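Structure at a glance
Listed below are the residues making up each chain.
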Amino acid sequence: AYTATASPGGRTCTTTGATSCTVQGLTNGTAYRVTVTATNIEGTSPASAPSAPVTFPAASPVTPPKRLAGRFALRARVGTTTGTVPVGATTVAQTARRGTTARTAKGTCRVTAVRNTKTRRVIRRDYRCTIRLATKGTWTITTTARGKAGVLAQGTRRVVVR
């Protein structure tokens, strides 16, 4: 059997038959050194020399997506959603799901950069999505804005098509 001990903290893991184990409960951002002992019928060996220090990166905070607000209009079973996406959003996608069935529809979305007329810098990004809801019923429409960091904003609305 082998026992690995992380320092500081003294957390350990033990393995029999394998040559690796995972020390649980370590803190990201802390530098740890690990020593190993071997145990057999004769007893436990002295601890090995400590490993080089290993620091796991501090976990980045998870930011939940913002609520994506927008205006929605339904005319002749075609839904149009318009609004503004957060800074950093590069794409907007829209899907609709009818009731509890697997019937879904995809919309087409366009993101437009609105620039300051003097500086030509982007001051906001507007979006416009169009989706065809071909059958009657209650639809749940989800609009999602994504950027390099993943989902930045998301909005959901229910629409009844008669």
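Anyway, here's the lowdown on the structure attached to this text.

Cut-offs and rules
Residues numbered from 1 in each chain as written. Predicted model: local features only at pLDDT ≥ 70, side-chain atom pairs only at ≥ 80, totals over all residues. Heavy atoms only, no water. Helix = DSSP H or I, 4+ residues; strand = E, 2+ residues; numbered from the N terminus. Rg over C-alpha atoms; globule rule 2.2 N^0.38 Å. Buried < 20%, exposed > 50% of the residue type's maximum accessible area, 1.4 Å probe, protein only. Contact = heavy atoms within 4.5 Å. Pairing = 2+ DSSP bridges. Axes fitted to C-alpha atoms, helices over the stretch in contact; angles between N-to-C directions. Disulfide = S-S within 2.5 Å.

For the protein chain, the helix and strand inventory stands at 0 helices and 14 strands. Reading the helices (α) and strands (β) of the protein chain from amino to carboxyl end gives β-β-β-β-β-β-β-β-β-β-β-β-β-β. Relative to a compact globule of 162 residues, whose C-alpha radius of gyration would be 15 Å, the protein chain shows 27 Å and is clearly more extended. Taking all 162 residues of the protein chain together, the buried fraction comes to 23%. Of the contacts formed within the protein chain by residues at least 6 apart in sequence, a portion of 52% connects residues at least 24 apart.

With respect to the helices, strands and loops of the structure, Thr-82 is situated in strand β8 (residues 78-85). With sequence-adjacent residues up to four places away left out, Thr-82 is seen in contact with Gly-70, Arg-71, Tyr-127 and Arg-128.

Another point: the sheet that holds strand β12 (residues 122-132). Backbone hydrogen bonds are what pair the strands of a sheet, in a parallel or an antiparallel way. Ordered in space as β7-β8-β12-β11, the 4 strands form an open sheet in which the pairing is antiparallel. Both outer strands of the open sheet, β7 (71-75) and β11 (108-115), are each paired with one neighbouring strand and no more. On average, each strand axis in the sheet is inclined to that of its neighbour by 15°, with strand direction left out of account. Examined bridge by bridge, β7 and β8 share 5 bridges and lie antiparallel to one another. Residue pairing for β8: Ala-73 is matched across the bridge by Thr-80.

Using the criterion set out here, one finds 2 disulfides in the structure. The disulfide partner of Cys-109 is Cys-129, and the gap between their sulfur atoms is 2.2 Å. Between Cys-109 and Cys-129, the S-S torsion sits near 115°, and that sign places the bridge as right-handed. Residue Cys-109 is located in strand β11, and its partner Cys-129 is located in strand β12; the two are separated by 20 residues in the primary sequence. Take Cys-109: its relative accessible area is 26%, and that puts it in the partly exposed class.

A few words now on the environment of Ala-49. Here Ala-49 is to be found in the loop between β4 (43-44) and β5 (54-55). Judged by relative accessible area, which is 63%, Ala-49 ranks as exposed. In the structure, Ala-49 is positioned 16 residues away from Arg-33 in sequence and 9.5 Å away in space, judged by C-alpha atoms. Leaving out residues up to four positions away in the same chain, Ala-49 has contacts with Val-34 and Thr-35.

Now for the environment of Ala-96. Residue placement: Ala-96 occurs in strand β9 (residues 89-98). On a C-alpha basis, the gap between Ala-96 and Thr-119 in space is 39 Å, while along the polypeptide they are 23 residues apart.

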